[in-house]
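# Chains, contacts and geometry: an overview
Here's the letter readout for the chains.
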Amino acid sequence: MDADQSASLYPDTGTPISLEQIDAYLAGIAKDGYKRETIRSYQSILYAFYEMLPDSKRVGPATLAGWSAAMREKGYKPRTINVRISSVNNLLKFLDLREYQLPQCMVPAGEAQPEITRNEYLRLLSCAKILGQECVYLLTKLFACTGLNVENLPLLTVEAVQAGFINTSDGEQRELHIPTHLQAELTAYIRRSGIRTGPVFVTRTGKRISRTSVTASIQRLARDARVAPEKCTPRSLRRLYQTTWESIQANYMPLMEQSWAQLLDGEQLVIGWDEWNDIHE
């Protein structure tokens, strides 16, 4: 994009915004219960948007349209563009600058997936427990604690529960660990249900339970658990598992990198080339 195009898309007019305003918005959504990783994602997007603005840091009527066009030229996927535009739209709403929002949604129908929070997940479990729906309780916990695809549900067999892991073949052979507490609950369920071998979750006639039945059973908890029905799906629960692990890994990564660096430095002191040791003495 040349200077003339940039000037037309991001004119030095409109309303200035500041990093302090962005931080105030992020603090507000934190109080509303947004997940830490979601806030970090918003922060990254909004800071990048701020850096993109001209020196005056003003937002005008054509700013978001120009930014969207620039991202398309760089090859960003439609969903990525929409997520970024949506994040800035929310900021502009917070700042009472709705006239600068970009209303177009660039995500293909059905691609965007709502995210369930950990508190909402716990409410689903609590609701299933209060209602005495053990099967739904276990299914909900299974997807959120193992990351299992609903397509691979038949792979959760009596033998897998006994072994403590599920062998899957979704793209590559791998093992999904079954947490100890869930293994114990599944074992008790298997014993009470009289299942001797094969898939754990089956219909009354012994057939494999369908994907639609699994989703419907979890969504029936939505109203009593005060969770949006579109969040009560195996896919959303699996995404919760993934984002939780990503958050844990992000928190521990600096410590892992530090330990790795200390290990290498220690080895270098013992067996490194003399020049390196001389420099660092």
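Counting secondary structure elements, the protein contains 13 helices and four strands. For the protein, the proportion of its 281 residues judged to be buried stands at 36%.

We now examine the packing of helix α6 (residues 118-130) against helix α7 (residues 134-146). A packed helix pair is summarised by two numbers, namely the angle formed by the two axes and the spacing between the axes. The contact between α6 and α7 brings their axes to 9 Å, and the two run at 155 degrees. Taken as axis vectors, α6 and α7 run roughly antiparallel relative to one another. Where α6 crosses over α7, the two elements pack in a sense that is left-handed. Contact residues: α6 offers Tyr 121, Leu 124, Leu 125 and Ala 128, while α7 offers Tyr 137, Thr 140, Lys 141, Ala 144 and Cys 145. Each residue belonging to the contact of α6 with α7 can be placed in one class, and the counts come to seven nonpolar, one polar and one charged.

As a further point, take the packing of aromatic side chains. Evaluation of the coordinates by the stated rule reveals three aromatic pairs. A centroid spacing of 5.1 Å and a plane angle of 55 degrees characterise the contact between Phe 49 and Trp 67, whose relative ring orientation is tilted. Taken together, the residues span a long stretch of sequence, with Phe 49 in helix α3 (residues 36-52) and Trp 67 in helix α4 (residues 63-73) at a distance of 18 residues. Residues Phe 49 and Trp 67 agree in their burial class; the two are buried. The ring of Tyr 50 carries Lys 57 above its face, with NZ or CZ at 4.7 Å from the centroid.

We note that Asp 96 has phi near 60 degrees; this positive angle belongs to a residue other than glycine. Mapped onto the elements of the fold, Asp 96 is located in the loop between α5 (78-94) and α6. Judged by its relative accessible area of 54%, Asp 96 falls in the exposed class. Of note in the backbone geometry, Arg 226 takes a positive phi value of approximately 60 degrees without being a glycine. Residue position: Arg 226 is located in the loop between α11 (222-225) and α12 (234-271). For Arg 226, a relative accessible area of 60% puts it in the exposed group.

Attention now moves to the nonpolar core. Grouped together as the largest cluster of nonpolar side chains are 40 residues, with contacts concentrated most on Leu 156 and Phe 201. For this core, the secondary-structure elements that each account for two or more residues are α6, α7, α8 (158-163), α9 (180-193), α10 (211-219), α11 and α12. The element that contributes the greatest number of residues to this core is α7, accounting for eight residues. Beyond its immediate stretch of four places on either side in the chain, Phe 201 contacts Cys 135, Leu 138, Leu 139, Leu 142, Leu 153, Leu 156, Leu 186, Tyr 189, Arg 208 and Ile 209. In this structure, Leu 53, Trp 67, Met 71 and Ile 85 belong to the second largest nonpolar core, which totals 25 residues.

Look at α3 against α4: their axes get within 12 Å of each other, and the N-to-C directions meet at 100 degrees. Comparing the axis directions of α3 and α4 gives the class roughly perpendicular. For the pair α3 and α4, contact is made by Ile 45, Phe 49 and Met 52 and by Thr 63, Leu 64 and Trp 67, respectively.

Another aspect to go through is the side chain of Asn 89. Tracing the chain through its elements places Asn 89 in helix α5. A relative accessible area of 14% places Asn 89 in the buried class. For Asn 89, the residues in contact, after removing those within four places along its chain, are Leu 64, Gln 101 and Leu 102.

With that settled, consider helix α2 (residues 19-31). Residues lying three or four places apart along an α-helix face the same way, a consequence of the helix completing one turn every 3.6 residues. Taking 1.5 Å per residue as the helical rise, α2 with its 13 residues ought to reach 18 Å, and the 18 Å between its terminal C-alpha atoms agrees with that figure. Residues of α2 that are buried include every one of Ile 22, Tyr 25, Leu 26 and Ile 29, and no others. Seen along its axis, α2 keeps its buried residues to an arc of 95 degrees; they face one direction. Among the exposed residues of α2, those oriented more than 90 degrees off its buried face are Glu 20 and Lys 31. Buried residues along α2 sit against α3 and α5.

This part covers the pattern of salt bridges. The full count for this structure, using the stated rule, is six salt bridges. Between Glu 120 and Lys 231 there is a salt bridge whose closest N-O contact spans 3.1 Å. Of this pair, Glu 120 sits in helix α6 while Lys 231 sits in the loop between α11 and α12; the two residues are 111 residues apart in sequence, bridging distant segments of the chain. A relative accessible area of 12% means that Glu 120 is categorised as buried. Judged by its relative accessible area of 18%, Lys 231 is buried. Salt-bridge contacts for Lys 141 lead to Glu 185; the nearest nitrogen and oxygen are separated by 3.1 Å. Taken as a pair, Lys 141 in helix α7 and Glu 185 in helix α9 lie far apart in primary sequence, 44 residues in all. Classification of Glu 185 by relative accessible area gives partly exposed; the value is 26%.

Each value, and the rule that gives it
- Residue positions within a chain follow its written sequence, with the count starting from 1.
- Local features in a predicted model are, by the rule used here, given only for residues with pLDDT of at least 70; side-chain atom pairs are given and counted only at 80 or more, and totals for whole chains, interfaces and linings are based on all residues.
- Hydrogens are left out, water is left out, and the side-chain values use all remaining heavy atoms of the structure.
- Elements are defined by DSSP. Helices are runs of H or I of four residues or more, strands are runs of E of two residues or more, and each kind is numbered from the N terminus.
- A 1.4 Å probe rolled over the protein chains alone gives each residue an accessible area, and that area as a share of the maximum for its type sets the label: buried under 20%, exposed over 50%, partly exposed in between.
- Where helices are involved, their axes are fitted lines through C-alpha atoms of the stretch in contact, as for all axes, and angles between N-to-C directions lie from 0 to 180°.
- An angle counts as roughly parallel when it lies under 35 degrees, as roughly antiparallel when it exceeds 145, as roughly perpendicular when it falls between 65 and 115, and as oblique in every other case.
- Crossings are sorted by hand: turned counterclockwise from the far helix by less than a right angle, the near helix makes the crossing left-handed, and turned clockwise it makes it right-handed.
- Contacts are assigned to residue pairs with any non-hydrogen atoms lying within 4.5 Å of each other.
- Each residue gets one label: Ala, Val, Leu, Ile, Met, Phe, Trp, Tyr, Cys and Pro are nonpolar, Asp, Glu, Lys and Arg are charged, and the others, such as Gly, are polar.
- Any pair of Phe, Tyr and Trp rings, taking the six-membered ring for Trp, is counted once the centres come within 6.5 Å. Such a pair is stacked with planes under 30 degrees apart, edge-to-face with planes over 60 apart, and tilted for the rest.
- Should the NZ of a Lys or the CZ of an Arg lie within 6 Å of a ring centre and within 35 degrees of the ring normal, that charge is described as sitting over the ring.
- In plain words, nonpolar cores are sets of buried Ala, Val, Leu, Ile, Met, Phe, Trp, Tyr and Cys residues tied together by side-chain atoms within 4.5 Å.
- A helix is expected to span 1.5 Å multiplied by its residue count minus one.
- Think of it as the arc spanned by the lines of direction from the helix axis to the C-beta atoms.
- Each reported salt bridge corresponds to a side-chain nitrogen of Lys or Arg within 4 Å of a carboxyl oxygen of Asp or Glu.

Nothing here speaks to function; it is geometry throughout.
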